Amino acid sequence: MNQASSESGQSSPPAPPSWELWRSFLAVVEHGSLSGAARALKLTQPSISRHVNALEQCLNAALFTRSRHGLNPTPLATSLLAQVQSMASAAESLLRSASAASAQAQGIVRITASEMVGTMVLPPMLAAFREQHPAIVVELALSNRNDDLLLRQADIAVRMQRPTQAALVARHVGSVKAGLFAHQSYARRHGLPGNLQALFAHPLIGVDRDETPLQHPALAKLGLSRESFALRCDSDVAQWMAMRAGFGIGACQHSLVAGDPQYLHVLPEQVQWNYEMWLAMHEDQRDTLRIRLLFDHLANGLQRHLSQTATALLPPGPAS
C-alpha cells in the first residue's frame, strides 16, 4: 500500500478470484462432490473445500447447497458455468500452445471426433502417425457434439457436416455412407424384413435422450422416434456392439462392415443416407508444424479409408 492510500484510509480493492479457485469450482460442478473434484484434480478434499469457500467469499454469494446426494450448484453457479468452461478451454489451449515451439514436431495436439470415428477409424491412423512423430502427444476427445474450434476446445476436428465458421480451415475428405444392418446371428434366428412395414416388427436399436440423429432427412421420413427402439442408447459405440451381438437391427456406417459377410445390409434400396466428412482447424494454427502434420496425415488417411470403402461396396461386375 502506498503512502497516499495509507493516509487516506482507503484499502486496496480485493484481488479477483484466481483460476485455481475457478478450476476447483468447475470440478465440483462436474463431479458433484468435493471428493470427486479432489480425485480429478489430484488435490486433497480440504484443498478443494478451501478453494470453494474462498471463491464464495470473493463473490459474496453461495455457489452450492448440500444434499444427501452431494453438492448441488445454486442458480448463480449454473449461470456462471458456461463462462468457466470457456476459461478451462482457454487454459488447456494455452498449455498446448506452450508445449512446443510452432516450428517443431513436438508437443500436444488435441483432436475431437465422433464416437464411431474416434473408436473405429482413427486409431490405426494415429498409430502410424506416432511411428513417424514420437515427440507429438495426441489427445483424442470423443463426442457427437461439435466442439468449438474458435474457442480452442480442440486443435483439429473431424466433423460429419461442413463447418460454417469463417475463421476455420476445412478440408472435405469424402462422403460417409450409412444404412441399416443386422448381424448374421440375428438373421438366422429371426430373418430380415422385406419391406419398410415389416421393419417395424423387428427390434430396432437407436437413440435414447438425444434424438438429433433422427433429424437427418433419410431417417425423418421413416417417422422414427425414441419409442421406435427396443434398445435405446445415445452411445453410437454401444449401439454398434448391440447390433454386433445380434440384438436387432441398427444404423451403421458402411465403412465399418464393408467386405464382412457377418453384417447384412437391411433394406438397402429403401433406407440409406450420407454424411459429408470434413477435417477442420483454426486458421491461426495452419503454420503450427505439429498440428499441420497431423491434419495432413488424417486428411490423407481418411480419404484413403473412404475411397477403399466405396470400392469394397461396388456391386460385382458382369461375369466374363
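You'll find the structure just up there.
What this report covers is the structure whose coordinates are included nearby. A quick note: this is a predicted structure, and the numbers were derived from the prediction, not measured. (Residues numbered from 1 in each chain as written. Predicted model: local features only at pLDDT ≥ 70, side-chain atom pairs only at ≥ 80, totals over all residues. Heavy atoms only, no water.)

**Some remarks on the pattern of salt bridges**
Where we set the bar: Note on definitions: salt bridges are taken to be side-chain nitrogens of Lys or Arg within 4 Å of carboxyl oxygens of Asp or Glu. For the purposes of this entry, the term helix denotes a DSSP run of H or I that reaches at least four residues, the term strand denotes a run of E that reaches at least two, and both are numbered from the N terminus. Only protein chains enter the accessibility calculation, which uses a 1.4 Å probe; a residue whose area is less than 20% of its type maximum is buried, one above 50% is exposed, and one in between is partly exposed.
As enumerated under the stated definition, the model contains 4 salt bridges in all. We note a salt bridge from Arg-110 to Glu-139, for which the minimum N-O separation is 3.0 Å. Residue Arg-110 is found in strand 3 (residues 107-113), and its partner Glu-139 is found in strand 4 (residues 136-142); the two are separated by 29 residues along the sequence. Given a relative accessible area of 22%, Arg-110 falls into the partly exposed group. We classify Glu-139 as partly exposed; its relative accessible area is 26%.

**Description of unusual backbone geometry**
In the Ramachandran plot, Lys-42 falls in the positive-phi region, its phi being about 60 degrees despite a non-glycine side chain. The residue Lys-42 is located in the loop between helix 3 (34-41) and helix 4 (45-59) in this model. By relative accessible area, Lys-42 is classed as exposed at 73%. Even without glycine at this site, Leu-267 takes up a positive phi of about 50 degrees. Within the secondary structure, Leu-267 sits in the loop between strand 10 (263-266) and strand 11 (272-282).

**With respect to the layout of surface pockets**
To keep it simple, the criterion reads: The rule is simple: put a 1 Å grid over the protein atoms alone, call a set of points where a 1.4 Å probe fits but cannot get out a cavity, call an open set with protein on both sides within 12 Å along at least five of seven lines a pocket, and count a residue as lining if it has an atom within 4 Å of a point. Grid points are joined across faces, edges and corners, and a volume is the space filled by probe spheres set on the points.
Estimated volume of the largest pocket: approximately 990 Å³. Lining the largest pocket are 40 residues, and of these Asn-144, Met-160, Pro-213, Asp-236 and Tyr-275 lie nearest its centre. When contributions to the lining of the largest pocket are tallied by element, the ones reaching two or more residues are strand 3, strand 5 (156-159), strand 6 (168-183), strand 7 (204-206), helix 10 (236-244), strand 9 (249-253) and strand 11. Taken as a whole, the second largest pocket spans an internal volume of roughly 610 Å³. Every residue lining the second largest pocket is counted, 23 residues in all, and those nearest its centre are Leu-26, Glu-30, Ala-88, Ser-89 and Glu-92.

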